[in-house]
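Here's the letter readout for the chains.
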Amino acid sequence: MEDPHHHWINHDGASKDNDGRYGERFAARENMRLNCERVKYIFERFREENGNFKENLVSDAKGMLSLYEASFLGYEGEKILDEAMVFSSFHLRVSLNEGKSSNMLLEQVNHALELPLHHRIQRLEARWYIESYAKRTDSNRLLLEAAKLDFNIVQSTLQNDLQEMSRWWRGMGLASQHSIHL
């Protein structure tokens, strides 16, 4: 009896031996389809019956910022997320020009519009948030000091690791063989 899982059917209908490639691709496509359906369901709550995003969302700058950041987390071609990005970025730019929100929120909006959080380097972003949080009048000073201490400890560890790698690189004689100078 032939194993029914021995062959997979690719998207063109061609049968291939099960080396995992078609099975993995099928699973990835199915996962994308399910995620797209979930995303659509979630974002449909923010739309009117005519398909436009609800205008009352515009007055919530923090919500618009969250919508903008979330719009970058989808897969390419997810129409509803593309529309959410256009809608939210337009209204965030208007918010910046009008200056109706707090300075801290406007700083966050400007920062996000420069480059969304999802596209930033987390370590550098942590430093930006620490500096931004320090400007707030309602900031928790103990929490701020703990964040600074944590950032500095991690930074020191990374610098020590880089020094050790540099010594190893030179010790192996790799520095003289390659044009990278550490």
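Cut-offs and rules
- Residues numbered from 1 in each chain as written.
- Predicted model: local features only at pLDDT ≥ 70, side-chain atom pairs only at ≥ 80, totals over all residues.
- Heavy atoms only, no water.
- Helix = DSSP H or I, 4+ residues; strand = E, 2+ residues; numbered from the N terminus.
- Contact = heavy atoms within 4.5 Å.
- Areas by Shrake-Rupley, 256 points an atom, 1.4 Å probe, with all protein chains shown as cover.
- Axes fitted to C-alpha atoms, helices over the stretch in contact; angles between N-to-C directions.
- Parallel < 35°, antiparallel > 145°, perpendicular 65-115°, else oblique.
- Left-handed = near helix turned anticlockwise from the far one by under 90°.
- Nonpolar A, V, L, I, M, F, W, Y, C, P; charged D, E, K, R; others polar.
- Polar contact = N/O pair within 3.5 Å; in protein donor to acceptor, adjacent residues only side chain to side chain.

Q: How do you make sense of the overall build of the chain when you look at a structure like this?
A: Looking only at helices and strands, the chain has seven helices and two strands in total. For the chain, the succession of helices and strands along the chain, N to C, is β-β-α-α-α-α-α-α-α. Nonlocal contacts in the chain, meaning residues at least 24 apart in sequence, comprise 45% of its contacts between residues at least 6 apart. In the form shown here, the chain has an accessible surface area of approximately 13500 Å², with 55% of it arising from carbon and sulfur atoms.

Q: What is the right way to read the packing of helix H2 (residues 61–70) against helix H3 (residues 79–98) from this model?
A: For any two helices packed against each other, one specifies the inter-axial angle together with the distance between the axes. The N-to-C vectors of H2 and H3 enclose an angle of 140°; their axes lie 8 Å apart at closest approach. Classified by the angle their axes make, H2 and H3 are oblique. Of the two possible hands of crossing, H2 and H3 adopt the one that is left-handed. Of the residues in H3, those in contact with Ala61, Met64, Leu65, Leu67, Tyr68 and Ala70 of H2 are Leu81, Ala84, Met85, Phe87, Ser88, Ser89, His91, Leu92 and Ser95. Residue classes in the contact of H2 with H3 are distributed as eleven nonpolar, four polar and no charged.

Q: How should I be thinking about the environment of Arg127 in this particular structure?
A: Tracing the backbone through its elements, the reader meets Arg127 in helix H5 (residues 122–134). Each C-alpha atom of the pair Arg127 and Lys148 lies 8.3 Å from the other, and the pair is 21 residues apart in sequence. At 3.0 Å, the side chain of Arg127 and the side chain of Glu131 are in polar contact.

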